[in-house]
Amino acid sequence: MGSRVFALIIGIDEYKSGNVWNLESCVDDAQCVRQWLTQELHVPRGQICVLANCEATKRAIEDNFMAHLVNNPDIDRDDAILIYYAGHGSSVHSPRGWYKDGMREVEILCPYDHDCKSPEGRVAGISDRSFLAMLRDLAQAKGNNITVILDCCFSAHSAERERRHVRWTPTIKAVPDDLYSGLWRSALAGSSTDAVRGFARTSSDTHVVLAASRTGASAFEGKGGGLFTRALLSVKDSVPIHTLTYDELLEHIEKSMEGQMPTLVGPHKDRALFNGVPFVPDGRFVAIEPYETDKLRIDAGAIHGVVDGTEFTVHDHNYKGSVNPALASYVAVTVNPTWCLARRRSQTKGVLDNANWARVTKWNNRVPFRVHLRRSFFNLFRRCRLHHALDVQSSHSGSKDGVNIVRVKSSTAADMSLTLRRNQLLVERHDALLAANSRRIIHLPSTESRSDLKVIDAAARFHLCLHRKNPSRPLLGLVTMELYRLDAQTWTRVSGNLLVDGKAQIVDDEKDSVYSVVLHNYSDHDLWPYLVSMDSGGYSISMVYHPDHSAQYAPLKKHQHMIIGSGALDSEALSFTLSNGAHTGAAFLKLFVSSKFTPMTFIEQGVPPSANPKQTHSALEKREPNEKGEMWDSVLACISVVRGDGSES
């Protein structure tokens, strides 16, 4: 699931009318804002509508405003909505009766066809009155978490030589009555909108406006972009913006600008940027606490895959989309079942007083994940880049995700062989467990070496999680899993235990069948269970069940059982379905158990990882290494799925 942000982004350099001079960096600014949303705030591309140059006519802007925002069924109330405009601003004399106190200048945004004829008349831009009415309609439908960013201005610069660098143009042909013909349908002259006087002068409960310049001032641009947009993007690269209110953001923008004074309007100026919607906790981070003078206690241990020598970086916060540089690096020196002690290796910048989170940068897995690249007559350059990238990773003992990966020359020595195709990777699995229980060959979408490496990294982490087990096996035979099919209406069992010797074959009958897992604890210890589903067809790892960190007692009591998929609010049933066109598939259910609670969600991949809880101080009290009685173990089951007519095999 992507970030709950939706955006309409408009950038116009080239104008249809010969009376409007062209700009040079508005489209680039719009693309930079789009990249910020997609790459850093993780907004899906389908939630962003970009209109550039000739795409941004007045009709197209209004139509996309309605279709992409107001009438978009995917937008829930109070989702974050961004409207960004970079282009010319202008003004037109108001018609008689537009204002009660006589004729004044009306501020307008200039679409691509500004000051040109259209079937409805001459285009006189999008007036402040129309725009405010549009935002009222949007807020009524979707809530007032609306941010408007305008990199333009509405008055000329006094120096003629600066004119070509100013995002303002005079309106030559449009007349006051053209404002009426282009008025938004809910913006009726003489109504309560009579008070509307400018885009950045009228405060409305419907939205917040960040504008490039104050009333009567100019907004400048150069080849490097608009001064305002460039300052805005520089702030998000230098300051953790998840903590900033709009007021605080404006202060940082002002410090980054010279010769231009931006402005902020709206009653929600003290609200966090986008009301905090895109800044969700990142599940890859785990909590830390100081331990003695030079060590940290980190909430990750052997159950997570940590070994002696696993490396971490420490950070101020754990939020996505907000700059979060590494403050220091640490290496695990004492590994316990659910936590470890790490000693500082280096300090890069800043101080550690506020450091609360750590992230694995190198797992230090003893046995590397081995990859073989098959020869191919196609994509020679792509294969060479991938060949080089794997060799570089091998020399540095780790991939981008910190897994030890090496390239081998023979498939017989590999865990995975890759053949590059035009728009995909052909993946052949040589790992015995995968080859015996799932499709040996799969095809995954990939078009470039960067996405090839992501597939390899995901496969390597999947391999680590799949094969992770406690070598001492303290709970062998004492913790078991059972799988039952349920009636989808009554949630009662309609089958016996489908797991036989750790394997089950079920049929995708296309009837939305659901299943429950029963965990049995025959040991003398109360246990904390964590159940993950591992999709061998796409290397995703998702948490099926994770106990509440605030629970006082372990949910899997000694000599008792518990049901996952009971129908309770916190116990959703499982389902196993095949993708379209597939006739077989396989997944693994892996159960981790521990005698002490530990956050496990950061092992997820291929799905948005859940946030790891920041436990209370009492829960993170200093524990001595090898705390008596602490243990962990795991149980693995393979689920094979076949397409059929509804009969269970």
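Everything below is about the structure printed above this text.
Scoring rules and cut-offs
- Residues numbered from 1 in each chain as written.
- Predicted model: local features only at pLDDT ≥ 70, side-chain atom pairs only at ≥ 80, totals over all residues.
- Heavy atoms only, no water.
- Phe/Tyr/Trp six-rings, centres within 6.5 Å; stacked < 30°, edge-to-face > 60°.
- Helix = DSSP H or I, 4+ residues; strand = E, 2+ residues; numbered from the N terminus.
- Buried < 20%, exposed > 50% of the residue type's maximum accessible area, 1.4 Å probe, protein only.
- Lys NZ or Arg CZ within 6 Å of the ring centre and 35° of its normal.
- Salt bridge = Lys/Arg side-chain N within 4 Å of Asp/Glu carboxyl O.
- Axes fitted to C-alpha atoms, helices over the stretch in contact; angles between N-to-C directions.
- Parallel < 35°, antiparallel > 145°, perpendicular 65-115°, else oblique.
- Left-handed = near helix turned anticlockwise from the far one by under 90°.
- Contact = heavy atoms within 4.5 Å.
- Nonpolar A, V, L, I, M, F, W, Y, C, P; charged D, E, K, R; others polar.
- Pairing = 2+ DSSP bridges.

Evaluation of the coordinates by the stated rule reveals 12 aromatic pairs. Measuring from centroid to centroid gives 6.1 Å for W363 and F602, while their planes differ by 10°, and the two rings are stacked. Highlighted residues: W363 in the loop between β19 (357-362) and β20 (369-373) and F602 in the loop between β31 (584-594) and β32 (632-643), separated in sequence by 239 residues. Given a relative accessible area of 7%, W363 falls into the buried group. Taken together, the aromatic side chains of F131, F154 and F199 make up a single cluster linked through ring pairs. The positively charged end of R185 is found above the aromatic ring belonging to W184, 4.5 Å away from the centroid.

Okay, the pattern of salt bridges next. In this structure the tally under the stated criterion is 20 salt bridges. For the salt bridge of E62 with K58, the shortest nitrogen-to-oxygen distance reads 2.8 Å. Highlighted residues: E62 and K58, both in helix α2 (residues 58-70), separated by 4 residues, approximately one helical turn. The exposure class assigned to K58 is buried, which follows from its relative accessible area of 11%. Among the ionic pairs, D415 bridges to R370, the shortest N-O distance being 2.9 Å. Here D415, found in the loop between β21 (405-408) and β22 (416-420), pairs with R370, found in strand β20; they are 45 residues apart in sequence, far enough to count as distant. Its relative accessible area of 31% is what places R370 among the partly exposed residues. Connected through salt bridges with shared partners, the residues D29, D151, R167 and E221 form a single ionic network.

All right, on to the environment of Y515 then. Residue position: Y515 is located in strand β27 (residues 514-521). For the pair Y515 and W491, spaced 24 residues apart in sequence, the C-alpha separation works out to 8.8 Å.

The subject of this paragraph is the packing of helix α5 (residues 227-238) against helix α6 (residues 246-255). Two elements in contact, α5 and α6, have axes separated by 9 Å at closest approach and are oriented at 115°. It follows from the interaxial angle that α5 and α6 lie roughly perpendicular. Judged by the sense of rotation from one axis to the other, the crossing of α5 with α6 is right-handed. Of the residues in α6, those in contact with F228, A231, L232 and V235 of α5 are L249, H252 and I253. Among the residues making up the contact of α5 with α6, the classes are represented as 6 nonpolar, 1 polar and no charged.

A word on the sheet that holds β22. Strand pairing in a sheet takes place through backbone hydrogen bonds and is either antiparallel or parallel in direction. Strand order across the open sheet formed by 5 strands is β21-β20-β22-β23-β24, with mixed pairing between neighbours. With partners counted over all chains shown, the strands left at the sheet margins are β21 and β24 (441-445), one partner each. Strand-to-strand, the axes of this sheet are offset by a mean angle of 30°, without reference to chain direction. By the bridge criterion, 5 bridges tie β22 to strand β23 (residues 424-429) in an arrangement that is antiparallel.

Don't take any of this as a statement about function, it's just geometry.
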